[in-house]
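If you want the building blocks of each chain, they are given just below.
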Amino acid sequence: MAKKLGKTDEQLVQAYAKGNNDAFDILLKRHQERIFNYILRIIKNEDIANDIFQETFVKAILTIKQGRYTENGKFPAWISRIAHNLIIDYYRQEKSENIQSTDIDDIDLFNRKELCEETIEDVIINHQIREDVKYLINELPPLQREVLNMRYYQNLSFKEIAELTGVSINTALGRMRYAILNLRRIAQEKDIILTL
(Lines give C-alpha, C1' and ligand atoms only; values in the text may rest on other atoms or scores of the structure.)
Protein backbone atom coordinates (compact mmCIF):
# COMPACT_ATOMS: atom_id res chain seq x y z
CA MET A 1 0.00 0.00 0.00
CA ALA A 2 2.83 2.44 0.85
CA LYS A 3 4.23 1.87 -2.62
CA LYS A 4 0.91 2.96 -4.16
CA LEU A 5 0.82 6.17 -2.10
CA GLY A 6 3.83 7.46 -4.04
CA LYS A 7 2.17 6.91 -7.42
CA THR A 8 0.85 9.76 -9.54
CA ASP A 9 -2.86 10.23 -10.09
CA GLU A 10 -2.46 8.94 -13.63
CA GLN A 11 -0.72 5.76 -12.48
CA LEU A 12 -3.49 5.20 -9.95
CA VAL A 13 -6.19 5.74 -12.61
CA GLN A 14 -4.46 3.19 -14.86
CA ALA A 15 -4.16 0.71 -11.99
CA TYR A 16 -7.84 1.16 -11.14
CA ALA A 17 -8.86 0.73 -14.79
CA LYS A 18 -7.00 -2.61 -14.71
CA GLY A 19 -9.03 -3.75 -11.69
CA ASN A 20 -7.02 -2.54 -8.68
CA ASN A 21 -9.71 -1.08 -6.38
CA ASP A 22 -7.15 0.07 -3.79
CA ALA A 23 -5.82 2.52 -6.37
CA PHE A 24 -9.17 4.34 -6.49
CA ASP A 25 -9.33 4.43 -2.68
CA ILE A 26 -6.03 6.34 -2.71
CA LEU A 27 -7.34 8.75 -5.38
CA LEU A 28 -10.45 9.33 -3.32
CA LYS A 29 -8.48 10.02 -0.13
CA ARG A 30 -6.16 12.34 -2.05
CA HIS A 31 -8.91 14.52 -3.51
CA GLN A 32 -12.02 14.09 -1.36
CA GLU A 33 -11.50 17.05 0.97
CA ARG A 34 -10.80 19.55 -1.82
CA ILE A 35 -13.72 18.36 -3.96
CA PHE A 36 -16.18 18.25 -1.07
CA ASN A 37 -15.17 21.74 0.11
CA TYR A 38 -15.54 23.06 -3.45
CA ILE A 39 -19.08 21.64 -3.69
CA LEU A 40 -20.08 22.81 -0.21
CA ARG A 41 -18.76 26.32 -0.87
CA ILE A 42 -21.25 26.67 -3.74
CA ILE A 43 -24.21 24.58 -2.52
CA LYS A 44 -24.06 25.66 1.16
CA ASN A 45 -26.08 22.60 2.21
CA GLU A 46 -24.09 19.69 3.64
CA ASP A 47 -26.60 16.94 2.75
CA ILE A 48 -26.92 18.05 -0.87
CA ALA A 49 -23.14 18.60 -1.07
CA ASN A 50 -22.63 15.00 0.15
CA ASP A 51 -25.00 13.69 -2.54
CA ILE A 52 -23.21 15.64 -5.29
CA PHE A 53 -19.81 14.57 -3.91
CA GLN A 54 -20.82 10.89 -4.06
CA GLU A 55 -22.29 11.31 -7.52
CA THR A 56 -19.03 12.96 -8.67
CA PHE A 57 -16.94 9.95 -7.70
CA VAL A 58 -19.52 7.46 -8.99
CA LYS A 59 -19.38 9.23 -12.35
CA ALA A 60 -15.57 9.14 -12.24
CA ILE A 61 -15.61 5.41 -11.46
CA LEU A 62 -17.97 4.67 -14.36
CA THR A 63 -15.96 6.78 -16.80
CA ILE A 64 -12.67 5.11 -15.84
CA LYS A 65 -14.18 1.60 -15.86
CA GLN A 66 -15.67 2.21 -19.32
CA GLY A 67 -12.24 3.25 -20.60
CA ARG A 68 -13.38 6.80 -21.40
CA TYR A 69 -10.92 8.66 -19.14
CA THR A 70 -8.47 10.57 -21.36
CA GLU A 71 -7.31 13.52 -19.23
CA ASN A 72 -3.66 12.47 -18.92
CA GLY A 73 -1.93 14.41 -16.18
CA LYS A 74 -5.04 16.39 -15.25
CA PHE A 75 -7.06 14.18 -12.88
CA PRO A 76 -7.70 16.96 -10.29
CA ALA A 77 -9.04 19.33 -12.96
CA TRP A 78 -11.10 16.53 -14.51
CA ILE A 79 -12.74 15.49 -11.23
CA SER A 80 -13.39 19.18 -10.40
CA ARG A 81 -15.10 19.62 -13.76
CA ILE A 82 -17.36 16.62 -13.05
CA ALA A 83 -18.33 18.15 -9.69
CA HIS A 84 -18.88 21.55 -11.32
CA ASN A 85 -21.18 20.08 -13.99
CA LEU A 86 -23.17 18.15 -11.38
CA ILE A 87 -23.67 21.36 -9.37
CA ILE A 88 -25.02 23.05 -12.49
CA ASP A 89 -27.31 20.06 -13.14
CA TYR A 90 -28.57 20.28 -9.55
CA TYR A 91 -29.49 23.98 -9.94
CA ARG A 92 -31.09 23.39 -13.33
CA GLN A 93 -33.24 20.62 -11.88
CA GLU A 94 -34.14 22.76 -8.86
CA LYS A 95 -35.09 25.63 -11.12
CA SER A 96 -37.29 23.47 -13.37
CA GLU A 97 -39.09 21.98 -10.34
CA ASN A 98 -39.89 25.47 -9.03
CA ILE A 99 -41.28 26.90 -12.29
CA GLN A 100 -44.97 27.75 -12.10
CA SER A 101 -46.60 27.63 -15.50
CA THR A 102 -48.92 30.49 -16.46
CA ASP A 103 -49.91 29.24 -19.90
CA ILE A 104 -52.96 31.11 -21.09
CA ASP A 105 -53.83 30.79 -24.75
CA ASP A 106 -50.34 29.43 -25.46
CA ILE A 107 -48.69 32.55 -23.97
CA ASP A 108 -46.06 31.70 -21.39
CA LEU A 109 -45.27 35.02 -19.73
CA PHE A 110 -42.98 33.92 -16.90
CA ASN A 111 -41.04 31.07 -18.48
CA ARG A 112 -39.38 33.13 -21.21
CA LYS A 113 -35.58 33.21 -21.16
CA GLU A 114 -35.40 36.55 -22.93
CA LEU A 115 -37.24 38.17 -19.98
CA CYS A 116 -34.70 36.84 -17.47
CA GLU A 117 -31.62 38.85 -16.63
CA GLU A 118 -29.53 35.80 -15.69
CA THR A 119 -30.14 32.12 -15.18
CA ILE A 120 -29.29 30.58 -11.81
CA GLU A 121 -26.45 28.79 -13.61
CA ASP A 122 -25.02 32.15 -14.76
CA VAL A 123 -25.31 33.56 -11.25
CA ILE A 124 -23.58 30.56 -9.66
CA ILE A 125 -20.77 30.43 -12.22
CA ASN A 126 -20.14 34.18 -12.08
CA HIS A 127 -20.15 34.17 -8.27
CA GLN A 128 -17.73 31.25 -8.15
CA ILE A 129 -15.40 32.83 -10.70
CA ARG A 130 -15.38 36.12 -8.72
CA GLU A 131 -14.57 34.23 -5.50
CA ASP A 132 -11.79 32.28 -7.22
CA VAL A 133 -10.31 35.45 -8.75
CA LYS A 134 -10.36 37.18 -5.32
CA TYR A 135 -8.56 34.19 -3.83
CA LEU A 136 -5.96 34.18 -6.62
CA ILE A 137 -5.31 37.91 -6.31
CA ASN A 138 -4.75 37.54 -2.55
CA GLU A 139 -2.09 34.91 -3.30
CA LEU A 140 -0.02 37.38 -5.35
CA PRO A 141 3.01 39.20 -3.93
CA PRO A 142 1.94 42.64 -2.56
CA LEU A 143 3.52 44.78 -5.33
CA GLN A 144 1.92 42.71 -8.10
CA ARG A 145 -1.43 42.69 -6.27
CA GLU A 146 -1.26 46.51 -5.92
CA VAL A 147 -0.68 47.10 -9.65
CA LEU A 148 -3.40 44.62 -10.65
CA ASN A 149 -5.94 46.23 -8.29
CA MET A 150 -5.09 49.72 -9.52
CA ARG A 151 -5.35 48.71 -13.17
CA TYR A 152 -8.49 46.52 -13.12
CA TYR A 153 -10.45 47.71 -10.10
CA GLN A 154 -9.54 51.42 -10.06
CA ASN A 155 -9.24 51.71 -13.86
CA LEU A 156 -5.96 53.62 -13.67
CA SER A 157 -3.57 53.94 -16.61
CA PHE A 158 -0.03 52.58 -16.29
CA LYS A 159 1.21 56.18 -16.25
CA GLU A 160 -1.04 56.95 -13.24
CA ILE A 161 0.01 53.70 -11.53
CA ALA A 162 3.69 54.56 -12.04
CA GLU A 163 3.18 58.05 -10.56
CA LEU A 164 1.19 56.80 -7.55
CA THR A 165 3.63 53.99 -6.75
CA GLY A 166 6.78 56.02 -7.47
CA VAL A 167 8.16 53.65 -10.12
CA SER A 168 8.74 53.83 -13.88
CA ILE A 169 6.03 52.86 -16.36
CA ASN A 170 8.19 49.87 -17.40
CA THR A 171 8.32 48.66 -13.79
CA ALA A 172 4.52 49.00 -13.47
CA LEU A 173 4.07 47.08 -16.74
CA GLY A 174 6.53 44.41 -15.57
CA ARG A 175 4.68 43.96 -12.30
CA MET A 176 1.40 43.55 -14.18
CA ARG A 177 2.97 41.01 -16.52
CA TYR A 178 4.29 38.97 -13.59
CA ALA A 179 0.95 39.29 -11.79
CA ILE A 180 -0.86 37.74 -14.75
CA LEU A 181 1.74 34.99 -15.14
CA ASN A 182 1.49 34.22 -11.41
CA LEU A 183 -2.32 34.18 -11.52
CA ARG A 184 -2.18 31.55 -14.26
CA ARG A 185 0.42 29.49 -12.38
CA ILE A 186 -1.45 29.61 -9.06
CA ALA A 187 -4.76 28.74 -10.76
CA GLN A 188 -3.10 25.72 -12.36
CA GLU A 189 -1.42 24.62 -9.11
CA LYS A 190 -4.65 24.97 -7.12
CA ASP A 191 -6.79 23.37 -9.87
CA ILE A 192 -8.97 26.46 -10.12
CA ILE A 193 -11.02 26.55 -13.31
CA LEU A 194 -12.14 30.04 -14.26
CA THR A 195 -14.19 29.01 -17.29
CA LEU A 196 -16.54 26.19 -18.20
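See the structure above.
Residues numbered from 1 in each chain as written. Predicted model: local features only at pLDDT ≥ 70, side-chain atom pairs only at ≥ 80, totals over all residues. Heavy atoms only, no water.

**Q** Please give an account of the nonpolar core that cites residues and values.
**A** If you look at the biggest cluster of nonpolar residues, it comprises 31 residues, and the most contacted ones within it are Ile 39, Ile 64, Phe 75, Trp 78, Ile 79 and Ile 87. Within the residue set of this core, elements represented by two or more residues are helix H2 (9-17), helix H3 (21-43), helix H4 (46-65) and helix H5 (75-97). Once residues within four sequence positions are removed from consideration, Ile 87 is found in contact with Tyr 38, Ile 39, Ile 42, Ile 43 and Ile 52. (Core = buried A, V, L, I, M, F, W, Y, C linked by side-chain atoms within 4.5 Å. Buried < 20%, exposed > 50% of the residue type's maximum accessible area, 1.4 Å probe, protein only. Helix = DSSP H or I, 4+ residues; strand = E, 2+ residues; numbered from the N terminus. Contact = heavy atoms within 4.5 Å.)

**Q** Run through the pattern of salt bridges, naming residues and quoting values.
**A** Scanning all chains against the criterion turns up five salt bridges. The residue Asp 132 makes a salt bridge to Arg 41 at a minimum N-O spacing of 3.3 Å. On the criterion of sequence distance, the pair formed by Asp 132 in helix H6 (residues 120-138) and Arg 41 in helix H3 is long-range, its members being 91 residues apart. Exposure remark for Asp 132: the relative accessible area of 6% places this residue in the buried category. A salt bridge links Asp 89 to Arg 92, with the nearest nitrogen and oxygen atoms 3.8 Å apart. Taken as a pair, Asp 89 and Arg 92 lie in helix H5 at a separation of three residues, close to a single helical turn. The class for Arg 92 is partly exposed, based on a relative accessible area of 46%. (Salt bridge = Lys/Arg side-chain N within 4 Å of Asp/Glu carboxyl O.)

**Q** Got a sec to walk through the packing of H6 against helix H7 (residues 142-153)? Specific residues and values, please.
**A** The N-to-C vectors of H6 and H7 enclose an angle of 140°; their axes lie 10 Å apart at closest approach. Contact residues: H6 offers Val 133, Ile 137 and Asn 138, while H7 offers Arg 145, Leu 148, Asn 149 and Tyr 153. Of the residues assigned to the contact of H6 with H7, the class counts are four nonpolar, two polar and one charged. (Axes fitted to C-alpha atoms, helices over the stretch in contact; angles between N-to-C directions. Nonpolar A, V, L, I, M, F, W, Y, C, P; charged D, E, K, R; others polar.)

Limitation: the analysis is restricted to geometry and does not speak to function.
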